[in-house]
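Summary of the model geometry
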2 protein chains.
Amino acid sequence: MDQWSERQRPVCLEKRFEFSTYGDTRDFLDRLGHLSEAQDRFPDLSFGKTYVNVTLRPASDDVDAALTADDHTFAQHIDELID
Amino acid sequence: MDQWSERQRPVCLEKRFEFSTYGDTRDFLDRLGHLSEAQDRFPDLSFGKTYVNVTLRPASDDVDAALTADDHTFAQHIDELID
């Protein structure tokens, strides 16, 4: 499975998920929605018919917050949503 | 209700929808998902906890396609998803 990319300005983790059908894209978004509500973490998502780009900013709202182990763990939970 | 903005490079219609709760955001995305499947039109969407940005490219895949009445009608259908 592809890895998450770590970005600067702004600091975040990014990853693109691709799917073969719109139905698969929606299933993933639904599962991610439940995970977001369960952990009260709402990554910025952009999606079309068969892709989802996930942008995960540090949990802390500080402008110069760094990524922490928790952020990487949450990213791993998102990976685990893929069958 | 706000208007859609018409953009160039690439040609598209854009609009930001804001919501008071994550639940309202998800309801809107679900309704838009059904509309997309019904009309086989899948706008590019980016969203977070309480906003959805909709980018609607011309239905035609031509690189230099212009916006048509159909595109504006589809945009109107998206507006009608808001109670």
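Everything in this summary refers to the structure shown in the same document. (Residues numbered from 1 in each chain as written. Chains lettered and ligands numbered in written order. Predicted model: local features only at pLDDT ≥ 70, side-chain atom pairs only at ≥ 80, totals over all residues. Heavy atoms only, no water.)

**Regarding the overall build of chain A**
Within chain A, the regular secondary structure consists of 2 helices and 4 strands. When its helices and strands are written in sequence order, chain A yields β-β-α-β-β-α. For chain A, the C-alpha radius of gyration of 13 Å lies close to 12 Å, the compact-globule estimate for 83 residues. In terms of overall dimensions, chain A has a C-alpha envelope of 40 × 25 × 20 Å along the principal axes. Here chain A, with 83 residues, has 42% of them falling under the buried criterion. Restricting the contact set of chain A to residue pairs at least 6 apart, pairs at least 24 apart contribute 60%. For chain A, the exposed area adds up to about 4800 Å²; of that, 45% sits on carbon and sulfur atoms. One finds the centroid of the 9 positive side-chain charges in chain A at a distance of 7 Å from the centroid of its 18 negative side-chain charges. (Helix = DSSP H or I, 4+ residues; strand = E, 2+ residues; numbered from the N terminus. Rg over C-alpha atoms; globule rule 2.2 N^0.38 Å. Buried < 20%, exposed > 50% of the residue type's maximum accessible area, 1.4 Å probe, protein only. Contact = heavy atoms within 4.5 Å. Areas by Shrake-Rupley, 256 points an atom, 1.4 Å probe, with all protein chains shown as cover. Lys, Arg positive; Asp, Glu negative; His and termini not counted. Charge placed at Lys NZ, Arg CZ, Asp CG, Glu CD.)

**Notes on the sheet that holds strand β3 (residues 44-47) of chain B**
Strands belonging to one sheet form pairs held by backbone hydrogen bonds; the direction of such a pair is parallel or antiparallel. One open sheet accounts for 8 strands, arranged β1(A)-β2(A)-β4(A)-β3(A)-β3(B)-β4(B)-β2(B)-β1(B); its pairing is antiparallel. Of all strands in the sheet, those with a lone pairing partner are β1 (5-7) of chain A together with β1 (5-7) of chain B, marking the two edges. Recorded for the sheet is a direction-independent mean angle of 20° between the axes of neighbouring strands. Sheet analysis places strand β2 (residues 12-18) of chain B next to strand β4 (residues 51-56) of chain B, joined by 6 bridges and oriented antiparallel. Bridge assignment links R16(B) to a residue of β4(B), and that residue is N53(B). Each of β1, β2 (12-18) and β4 (51-56) of chain A is contacted by helix α2 (residues 69-79) of chain A, which is oriented at about 5° to β2(A), the strand it contacts most. (Pairing = 2+ DSSP bridges. Axes fitted to C-alpha atoms, helices over the stretch in contact; angles between N-to-C directions.)

**Overview of α2(A)**
Residue and element names in this part refer to chain A. Burial in α2 covers these residues: D71, F74, A75, I78 and D79. The buried residues of α2 occupy an angular sector of 150° when the element is viewed end-on, so they sit on one face. The outward face of α2, more than 90 degrees from its buried face, is lined by the exposed residues A69 and D70. The inward-facing, buried residues of α2 contact β2, α1 (22-39) and β4. (Arc of directions from axis to C-beta.)

**Quick notes on the interface of chain B and chain A**
With 18 residues of chain B at the interface, the matching set in chain A holds 18 residues. Of the roughly 1300 Å² buried at the junction of chain B and chain A (both faces included), carbon and sulfur atoms supply 56%. Three residues stand out in chain B for area buried against chain A, namely Y22(B), F42(B) and F47(B), and they jointly supply 38% of the buried area on that side. If you look at where chain B meets chain A, you find 4 salt bridges. D40(B) is the salt-bridge partner of K49(A), the closest N and O atoms lying 3.8 Å from each other. Scanning the region where chain B abuts chain A turns up 6 residue pairs in polar contact (both at pLDDT 80 or more). Put simply, the parts of the chain that give the side of chain B that touches chain A at least two residues each are α1 (22-39) and β3 of chain B. Counting residues per element, the side of chain B that touches chain A draws most heavily on α1(B), which supplies 8 residues. The class makeup of the residues in the side of chain B that touches chain A is 7 nonpolar, 5 polar and 6 charged. (Buried area = accessible area lost by both parts, 1.4 Å probe. Salt bridge = Lys/Arg side-chain N within 4 Å of Asp/Glu carboxyl O. Polar contact = N/O pair within 3.5 Å; in protein donor to acceptor, adjacent residues only side chain to side chain. Nonpolar A, V, L, I, M, F, W, Y, C, P; charged D, E, K, R; others polar.)

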